[in-house]
Amino acid sequence: GVSAIVLAPLDDRSLMPPVMEAKGRGIPTVVIDSGLQGDAHSSFVATDNFKGGVLAAGRLGELLGGKGKIIMLRYQEGSASTTERERGFMETMKSRFPDIQFLSDNQYAGATTETAFTASENLLNTFTKPDAIFTPNESSTFGCLRALQSRGLAGKIVFVGFDSSTKLVEALRNKEIQGLVLQNPFNMGYLGVKTAVAVIKGENFEKRIDTGVMLATPENMDDPEI
């Protein structure tokens, strides 16, 4: 009974069949936030996630002066948005900062703060004091922050994460986090619905809409734009 669907997929493959089924019934789907494979959806409205990873790598690499040993804690297999962030981070680190060594880049935080905390604890047990850490979404960033705080390492290890929350903004102000890559989730939802309406009405719409990405630091976090 619906005219269109606005969908934020958790997995870039498993939701392809229902989107194809909807299309077969004449119901268009607009995908927001995280990508979906195939071409059954009408439009994709999201952050340029690769660029977000590039921004994070630039910040982390510059703070380290191009040298050091780092950890990248991935989010979850199948998540298209965070996979792109991780790819942007990895490729930029290797091209711009070749003297920086990855201690670990193949571990996953999982979907919750609790699993991220456990994964971070395990990494800090294995690599007792890395020079820096990167995490690609809100739950992995908060879980890792908690692990660093519990060991008294928050603020002593360079830490760049993704997304914001009250606790993460507080940690940024306290310089326990040195950078947060910010998206515009409100704009994603707004433009997702606006695009769905355009599709229904047969109006012109864009196949790919970039909702923007920025880097917040302790130095610029009070700027109106941030």
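What you see is a predicted model, and the numbers here were worked out from it, not measured in a lab.

Conventions we followed
Residues numbered from 1 in each chain as written. Predicted model: local features only at pLDDT ≥ 70, side-chain atom pairs only at ≥ 80, totals over all residues. Heavy atoms only, no water. Helix = DSSP H or I, 4+ residues; strand = E, 2+ residues; numbered from the N terminus. Expected span 1.5 Å × (residues − 1). Contact = heavy atoms within 4.5 Å. 1 Å grid on protein atoms, 1.4 Å probe; cavity = no way out; pocket = protein on both sides within 12 Å on 5 of 7 lines; lining within 4 Å. Points joined across faces, edges and corners; volume = space filled by probe spheres on them. Axes fitted to C-alpha atoms, helices over the stretch in contact; angles between N-to-C directions. Parallel < 35°, antiparallel > 145°, perpendicular 65-115°, else oblique. Left-handed = near helix turned anticlockwise from the far one by under 90°. Nonpolar A, V, L, I, M, F, W, Y, C, P; charged D, E, K, R; others polar. Core = buried A, V, L, I, M, F, W, Y, C linked by side-chain atoms within 4.5 Å. Buried < 20%, exposed > 50% of the residue type's maximum accessible area, 1.4 Å probe, protein only. Arc of directions from axis to C-beta. Pairing = 2+ DSSP bridges.

What follows concerns helix 3 (residues 80–96). The end-to-end C-alpha distance of helix 3, which contains 17 residues, comes to 24 Å, matching closely the 24 Å that a straight helix rising 1.5 Å per residue would cover. If you follow the buried residues of helix 3, they end up packed against helix 2 (49–63), strand 4 (68–74), strand 5 (100–108), strand 6 (132–134) and strand 7 (158–162).

A few words now on the side chain of T29. Along the chain, T29 turns up in strand 2 (residues 29–32). For T29, the contacting residues outside a window of four places in its chain are I5, L7, V19, A22, H41, S42 and S43.

Looking now at empty space enclosed by the protein. By the definition in use, this model includes one cavity of 30 Å³ or more. In this model, the largest cavity occupies a volume close to 30 Å³. Taken together, I71, L73, S120, L123, L124, I133 and C144 make up the lining of the largest cavity. Among the secondary structure elements, those contributing two or more residues to the lining of the largest cavity are strand 4 and helix 4 (113–126). The biggest single contributor to the lining of the largest cavity is helix 4, with three residues.

A pair of packed helices is captured by two measures, namely the crossing angle of their axes and the spacing between those axes. Remark: helix 5 (residues 138–150) packs on helix 6 (residues 166–173), axes separated minimally by 10 Å, with the N-to-C direction vectors making an angle of 55 degrees. Of the possible angle classes, the one that applies to helix 5 and helix 6 is oblique. For the pair helix 5 and helix 6, the sense of crossing is left-handed. Of the residues in helix 6, those touching helix 5 at E138, T141, F142 and L145 are K167, L168 and A171. In the contact of helix 5 with helix 6, the residues fall into four nonpolar, one polar and two charged.

In this structure, I133, L148, F159 and I177 are the most contacted members of the largest nonpolar core, which totals 25 residues. Those elements giving two or more residues to this core turn out to be strand 4, helix 4, helix 5, helix 6 and strand 8 (179–182). With five residues, helix 4 is the largest single contributor of residues to this core. Apart from the residues lying within four places of it in its own chain, the contact partners of L148 are L124, I133, L153, A154, I157 and F159. Residues M90, F97, V160 and F162 belong to the second largest nonpolar core, which totals 20 residues.

Within the fold, S42 resides in the loop between strand 2 and strand 3 (43–46). According to the relative accessible area criterion, S42 is buried, its value standing at 14%. Here S42 is in contact with P28, T29, V199, F205 and K207, once residues within four sequence places are set aside.

What follows is about unusual backbone geometry. Located in the positive-phi region is D33, a residue other than glycine, with phi close to 75 degrees. Along the polypeptide, D33 turns up in the loop between strand 2 and strand 3. Look at D33 and you get partly exposed, because its relative accessible area is 27%. Its identity is not glycine, yet K175 carries a phi of approximately 65 degrees, on the positive side.

What follows is about helix 7 (residues 185–201). In this model helix 7 runs 25 Å from its N-terminal to its C-terminal C-alpha over 17 residues, within 8% of the 24 Å that 1.5 Å per residue would give. Residues M188, L191, G192, T195, A196, A198 and V199 constitute the buried set of helix 7. The buried residues of helix 7 all sit within an arc of 160 degrees when viewed along its axis, so they share a single face. The exposed residues of helix 7 that point more than 90 degrees off its buried face are F186, K194 and K201. Just downstream of helix 7 lies G202, where phi reads positive at about 75 degrees.

Ordered in space as 5-4-6-7-8-10, the six strands form an open sheet in which the pairing is mixed. Unpaired on one side and paired on the other, strand 5 and strand 10 (214–216) mark the two borders of the sheet. The mean angle between the axes of side-by-side strands here comes to 20 degrees, regardless of whether they run parallel or antiparallel. Where strand 6 and strand 7 come together, three bridges link them in parallel fashion. Within the sheet, the bridge partner assigned to A132 lies in strand 7 and is V158. Where helix 2 meets the sheet, it contacts strand 4, strand 5, strand 6, strand 7, strand 8 and strand 10, and its direction lies at approximately 170 degrees from that of strand 7. Helix-sheet contacts for helix 6 involve strand 7, strand 8 and strand 10, and the interaxial angle to strand 8 is about 140 degrees.

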